[in-house]
Amino acid sequence: MKNRSHIFIGFIALAAIVAGCSVDNSYNLENLDTEMSFFKGSDFPVPDLKPFLIGDYLHLDGYDYIVTDEHGDYAIRFEFEPVSFVVTVPDLGADDRIAVDFEPVEFEFGQVPDFLSGKEQQIAPDLSEMQIELGLDSEIPAEFTASCTLETLVSGEVNHSYRIDNLPIRYGQNTYFVKEKALGTDDIAVPGLGSILSPVPDALKFSEFAVSATADQRALVTPGADYDMVFNALVQTPICFSADNRFTLTFPLDASLNLDKVGLKKAELWLDYDNTVPLNFSLDAFALDASGKRIDSVKASTDSEIAGLSSGTACVTLTTAGDLRFSSIEIELTVSSNSDLSGAHINKDQGLRFHSMHLYLPDGIQVRLDGPANQ
């Protein structure tokens, strides 16, 4: 067999000389392409990310005054200790104001989550649905009028003061609903009330309580007599999103892609998402080297925004001027402006979930058979 090979090659060379032309380049091994592509059009699965939940991000659990309803909506709710005091009805000749023996009452918040404290605040809460339910139980057999002052305290000093006037007191139990805007006949409007807990102060304090009555109503009771009265207050408000949101979420993919030793021209990261948060997110991605640092030369582009309360598919395309080499990918989500969020309640189960993730290689992996990647 060896002798026949020599004869065959010699025959070809002789034929070339006789014909007076050069050897065909297809037989020249120096012209072989040493770069080859593998896995063109292949998909590589990427493990699903841990779902992002608003409740985990805001850390609102573990506070006595922050509760969730049966739907999982967060709310602030706390009750003042009832205060009993005495009203002494003066003689008919006195003015309308009636002396009361009222001791100020306050509610201290103690520890406050960063989300509501104003420190490092990235999602501004909307507390405009604030409501204070006031109760007055009166033993006075006549109709009187009351007023009180509500103050916010920060480091022991008064930060805001709200005056609540014209509370009609009738014999028996009286209930009032104090709101920023009056919506019903039993509502009492106090402008600016929705800002009383944004940020949450150190304490809320009812510092003053005053009672007055006209002469014809004072005539219905015994002059100089003492009458008992009980005051109580319940403060509650749902915690809602506002239009002012500014935060970025980073998700490193929990997978070592090991693409730092082979060359790519393009890679596409495909992912399905389910977004139950009423926030729009812009999607970005970054390639990381083996040490976890971002590779600035690798550019990422995306085809769409992740809209609030939606499901869909997104694609992030990674490209570079040279060979695309990286070890892993990091996803970055930035909240974009949402002007129509007022009144959307924050729910502990709202979240963003990525699934069915895979890396697609449209051009495959290029490997140089004589290059460093093959050594």
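Residues numbered from 1 in each chain as written. Predicted model: local features only at pLDDT ≥ 70, side-chain atom pairs only at ≥ 80, totals over all residues. Heavy atoms only, no water.

S.K.: How would you explain the overall build of the protein chain if you had to name every residue and give the values?
M.R.: What the protein chain contains, in helices and strands, is four helices and 26 strands. Taken over 375 residues, the protein chain has a buried fraction of 42%. Here the protein chain displays about 20200 Å² of accessible surface, and carbon together with sulfur accounts for 50% of that area. (Helix = DSSP H or I, 4+ residues; strand = E, 2+ residues; numbered from the N terminus. Buried < 20%, exposed > 50% of the residue type's maximum accessible area, 1.4 Å probe, protein only. Areas by Shrake-Rupley, 256 points an atom, 1.4 Å probe, with all protein chains shown as cover.)

S.K.: Got a sec to walk through the nonpolar core? Specific residues and values, please.
M.R.: Ranked by size, the top nonpolar core spans 98 residues in total, and within it Leu-134 and Leu-197 carry the most contacts. The contact partners of Leu-197, leaving out residues within four places of it in the chain, are Ile-76, Phe-78, Phe-109, Leu-116, Leu-127, Met-130, Leu-204 and Val-235. (Core = buried A, V, L, I, M, F, W, Y, C linked by side-chain atoms within 4.5 Å. Contact = heavy atoms within 4.5 Å.)

S.K.: Describe in detail the sheet that holds strand 21 (residues 281–288), supporting the description with residues and values.
M.R.: Spatial ordering of the open sheet is given by 18-24-21, a layout of three strands whose pairing is antiparallel. Strand pairing shows two members of the sheet lacking a second neighbour, strand 18 (248–252) and strand 21, which therefore form its edges. Here the average twist between neighbouring strands, direction ignored, is 20°. For strand 21 and strand 24 (residues 328–335), the ladder comprises eight bridges, and the chain directions are antiparallel. Each bridged residue has a counterpart across the sheet, and for Ala-285 the counterpart in strand 24 is Ile-331. (Pairing = 2+ DSSP bridges. Axes fitted to C-alpha atoms, helices over the stretch in contact; angles between N-to-C directions.)

S.K.: Break down the pattern of salt bridges for me, with residues and values.
M.R.: Note that side chains of opposite charge can pair when their charged atoms are close. By the definition in use, this model includes nine salt bridges. In this structure, Arg-170 engages Glu-143 in a salt bridge whose closest nitrogen and oxygen atoms are separated by 3.7 Å. Of the two residues, Arg-170 sits in the loop between strand 12 (157–169) and strand 13 (172–179) while Glu-143 sits in the loop between strand 10 (131–138) and strand 11 (144–154), which places them 27 residues apart along the sequence. For Arg-170, a relative accessible area of 45% puts it in the partly exposed group. For Glu-143, a relative accessible area of 37% puts it in the partly exposed group. A salt bridge links Arg-294 to Glu-330; the nearest nitrogen and oxygen atoms lie 2.9 Å apart. In this pair, Arg-294 is assigned in the loop between strand 21 and strand 22 (299–302) and Glu-330 in strand 24, connecting sequence segments 36 residues apart. (Salt bridge = Lys/Arg side-chain N within 4 Å of Asp/Glu carboxyl O.)

S.K.: Please set out the confidence of the model for the protein chain residue by residue, giving values where relevant.
M.R.: In this model, the protein chain carries an average pLDDT of 83, and 82% of its residues clear a pLDDT of 70 or more. Contacts for the low-pLDDT stretch residues 1–21, under 50 throughout, to residues beyond four places or in other chains number one contact. (pLDDT = per-residue confidence, 0-100.)

S.K.: Outline the pairing of strand 15 (residues 203–212), listing residues and values.
M.R.: Judged from the two bridges that link them, strand 7 (residues 97–98) and strand 15 form a sheet pairing that is antiparallel. Note on strand 15: the bridge partner recorded for Ile-98 is Val-211. Direction of pairing for strand 8 (residues 105–108) relative to strand 15: antiparallel, over a ladder of four bridges. Looking across to strand 15, one finds that Val-105 is bridged to Phe-206. In this sheet, strand 15 lies alongside strand 11 in antiparallel orientation, the contact comprising nine bridges. Bridged to Leu-150 within strand 15 is Phe-206.

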